[in-house]
Amino acid sequence: MGSPAPGSVTGLNIRPATPADAPTIAHHRYPDEEDAAERPTYVAWVGLALERDLYVGFLGITGGGEVVAGAGLTLLEWGPTRGNPQPYRARLVNVWTRPGFRRRGLARELVLLCLEITRQRGIAHVSLGTSGVARPLYESLGFRASKAEMVRHARRPERR
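Conventions used here
The numbering scheme is per chain: residues are counted from 1 as the chain's sequence reads. Predicted model: local features are reported for residues with pLDDT of at least 70 only, side-chain atom pairs are reported and counted for 80 or more only, and whole-chain, interface and lining totals are derived from all residues. Processing note: side-chain calculations cover all non-hydrogen atoms of the structure and skip hydrogens and water entirely. What counts as a helix is a DSSP run of H or I of at least four residues, what counts as a strand is a run of E of at least two, and both are numbered from the N terminus. To estimate how far a helix should extend, the number of its residues minus one is multiplied by 1.5 Å. Only protein chains enter the accessibility calculation, which uses a 1.4 Å probe; a residue whose area is less than 20% of its type maximum is buried, one above 50% is exposed, and one in between is partly exposed. Note on geometry: axes are C-alpha line fits, over the in-contact stretch for helices, and angles between N-to-C directions span 0 to 180 degrees. In these notes the angle categories are as follows: under 35 degrees is roughly parallel, over 145 is roughly antiparallel, 65 to 115 is roughly perpendicular, and the rest is oblique. Crossing handedness is read from the near helix: turned anticlockwise from the far helix by less than a right angle, it gives a left-handed crossing, and turned clockwise, a right-handed one. The contact rule is simple, with two residues in contact once any of their heavy atoms fall within 4.5 Å. The residue classification treats Ala, Val, Leu, Ile, Met, Phe, Trp, Tyr, Cys and Pro as nonpolar and Asp, Glu, Lys and Arg as charged. All others, Gly included, are polar. At least two bridges found by DSSP between two strands is the condition for calling them paired.

(A) Representation of helix H3 (residues 106-121) in the model. A rise of 1.5 Å per residue sets the reference length of H3, with its 16 residues, at 22 Å; its end C-alpha atoms lie 23 Å apart and thus fit the reference within 8%. Within H3, the full set of buried residues consists of Leu106, Ala107, Leu110, Val111, Leu113, Cys114, Leu115, Ile117, Thr118 and Arg121. Phi turns positive, to about 75 degrees, at glycine 122, one or two residues after H3.

Shown next, in the form of C-alpha cells:
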C-alpha cells in the first residue's frame, strides 16, 4: 500500500524510513549506552521488517541530513477478533526526538503519519507503551489506557 507523502515540519524534512536506516532506528529504540548491546539484534530485525513491509517508519531530518526524530509502526498479523475482521494490528514504537528539537510538534507529525498508514490499511487497533511525559500527546491523538491487557514476561533465553 502507499505511504503518505514525505513532508516538512518546522523547517525539518520528513521522509519514510528505509532498511538503510536500521542502525538509526535501533539507536532510537535503545538510546542509552547501557542498552547498546541490544542494538545489533534490532538492526537486523528492523532492516528485514522494513523490507517485508512489517515495519513502517518516518524520520525527521535537518537540512544538513541529520536525523533528529523518528516514529514507527510494527505491523502484527493478529488474526480477526470479535468485532474486528481486520487481521492486522499495529504497535506504535520508536517515537523519539532529540532533546533540542522537542516541543515543536515533530513527534505529533510523525505519529500522525504512522496513524495515516493504519487508516490506509484499514487497521483499527493501534497500541503503544508510553512514559508519563508522552502520555498527553498520545491522549490528544485518541489513545486511552487499557484496563484489559495483561503481560507475562518469561525469563530471557541465554545468548549464545
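There's plenty left to go through after this.
(B) Spatial organisation of the packing of helix H1 (residues 22-29) against helix H2 (residues 39-51). The geometry of H1 relative to H2 is characterised by a closest axis approach of 8 Å and an angle of 125 degrees between their N-to-C directions. The orientation of H1 with respect to H2, classified from their angle, is oblique. For the pair H1 and H2, the crossing hand works out as right-handed. Taking contact as the criterion, the partners of Ala22, Pro23, Ile25, Ala26, His27 and Arg29 in H1 are, on H2, Arg39, Tyr42, Val43, Val46, Gly47 and Leu50. Its residues assigned to classes, the contact of H1 with H2 comprises 8 nonpolar, 2 polar and 2 charged.

(C) Region of the structure containing the pairing of strand E3 (residues 55-61). Extensive coverage of E3 is indicated by the burial of 7 of its 7 residues. Here E3 shows a buried face lined by Tyr55, Gly57, Leu59 and Ile61 and a second buried face lined by Val56, Phe58 and Gly60. Sheet topology places strand E2 (residues 12-16) next to E3; 4 bridges connect them, and they run antiparallel. The partner of arginine 15 across the bridge, within E3, is leucine 59. What sits between E3 and strand E4 (residues 67-77) in their antiparallel hairpin is a turn of 5 residues, with glycine 65 showing a positive phi close to 90 degrees.

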